[in-house]
Amino acid sequence: MNKINYDAQMLAALEQSAGKKLLLHSCCAPCSSYCLEQVASKLETTVFYYNPNIDSREEYEKRKAEEVRFLQETGLADFLDCDYFSEEYEEAVRGLECEKEGGARCERCFRLRLAKTAEAARAHGFGLFGTTLTVSPLKNAELINRIGFACQEEYGVAYLPSDFKKRGGYLRSIELSKEHGLYRQNYCGCKYSKREEV
């Protein structure tokens, strides 16, 4: 079975979507840096910051402040906040607390955040929605894209496929983080991923 080249699909979609507005879910400023470098010159982009998985309000606010600072410094995108709704994450992953990182708990988390992004895209009149999650080498791009396309069907807003780690994307995000002095955390965000890092 041939693997789908989501990076090639994204490049084609960017060419075909000129004039559309993109709502791009971002998990943090370091991950968004390279992704915005790729899409913001093609589409009018707004970063959507919905991350109820982050393990504390303090960490949430720290990551959000870095995202806002990065966007203010670069002017690459507008910003749409969603506040901190940790109870939505806890409800979504209930019963999966002991799953390993990358398993069923992560799938539920991806689904929660992409569905909220698609819903917000529809509510605010965006023509496309996407996510920065695929820039991480630790995230399953095939799974994330499958969820994105399912949300496209459910919410009636086009999904921008991606595999941002391709073409050196993750390494470029590290370079951009250094250039802008961005806070880089050493865990995904949830208390379960933090536990595995200890």
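Here, the structure is the one placed above.
Here the structure is a predicted model, which means the values were calculated and not measured. (Residues numbered from 1 in each chain as written. Predicted model: local features only at pLDDT ≥ 70, side-chain atom pairs only at ≥ 80, totals over all residues. Heavy atoms only, no water.)

1. Digging into the layout of surface pockets
Quantified by volume, the second largest pocket comes out at close to 210 Å³. Looking at the second largest pocket, the residues that line it are Lys3, Ile4, Asn5, Tyr6, Asp7, Lys139, Asn140, Ala141, Glu142, Asp163, Lys165 and Lys166. Contributing elements (two or more residues each) for the lining of the second largest pocket: α1 (6-16) and α6 (141-155). For the lining of the second largest pocket, the per-class residue count stands at 3 nonpolar, 2 polar and 7 charged. (1 Å grid on protein atoms, 1.4 Å probe; cavity = no way out; pocket = protein on both sides within 12 Å on 5 of 7 lines; lining within 4 Å. Points joined across faces, edges and corners; volume = space filled by probe spheres on them. Helix = DSSP H or I, 4+ residues; strand = E, 2+ residues; numbered from the N terminus. Nonpolar A, V, L, I, M, F, W, Y, C, P; charged D, E, K, R; others polar.)

2. Regarding empty space enclosed by the protein
Inspection of the entire model under this criterion finds 1 cavity of 30 Å³ or more. Computed from the structure, the largest cavity encloses a volume of approximately 60 Å³. Along its surface, the largest cavity is lined by Asn53, Tyr89, Glu101, Arg105, Cys106, Cys109, Phe110, Arg113, Cys188 and Cys190. At 5 residues, helix α5 (residues 104-123) tops the list of elements feeding residues into the lining of the largest cavity. Among the residues forming the lining of the largest cavity, the class breakdown is 6 nonpolar, 1 polar and 3 charged.

3. Here we look at the side chain of Glu66
Position of Glu66 relative to the elements: it lies in helix α3 (residues 57-74). Judged by relative accessible area, which is 13%, Glu66 ranks as buried. Among all residues touching Glu66, those that are not within four sequence positions of it are Ala29, Gly181, Leu182 and Tyr183. (Buried < 20%, exposed > 50% of the residue type's maximum accessible area, 1.4 Å probe, protein only. Contact = heavy atoms within 4.5 Å.)

4. Quick word on the side chain of Thr45
Among the structural elements, Thr45 can be located in strand β2 (residues 44-49). Here the side chain of Thr45 touches Leu43 through a polar contact of 2.9 Å, landing on its backbone oxygen. Dropping the residues within four chain positions of it, Thr45 is found in contact with Leu22, Leu24, Leu36, Val39, Ala40, Leu76, Ala77 and Asp78. (Polar contact = N/O pair within 3.5 Å; in protein donor to acceptor, adjacent residues only side chain to side chain.)

5. So, the packing of α5 against α6
The N-to-C vectors of α5 and α6 enclose an angle of 40 degrees; their axes lie 9 Å apart at closest approach. α5 and α6 meet at a crossing whose hand is right-handed. Residues Glu107, Phe110, Arg111, Leu114, Ala115, Ala118, Glu119 and Arg122 of α5 pack against Leu143, Ile144, Ile147, Gly148, Ala150, Cys151, Glu154 and Tyr155 of α6. Within the contact of α5 with α6, the residues separate by chemical class into 10 nonpolar, 1 polar and 5 charged. (Axes fitted to C-alpha atoms, helices over the stretch in contact; angles between N-to-C directions. Left-handed = near helix turned anticlockwise from the far one by under 90°.)

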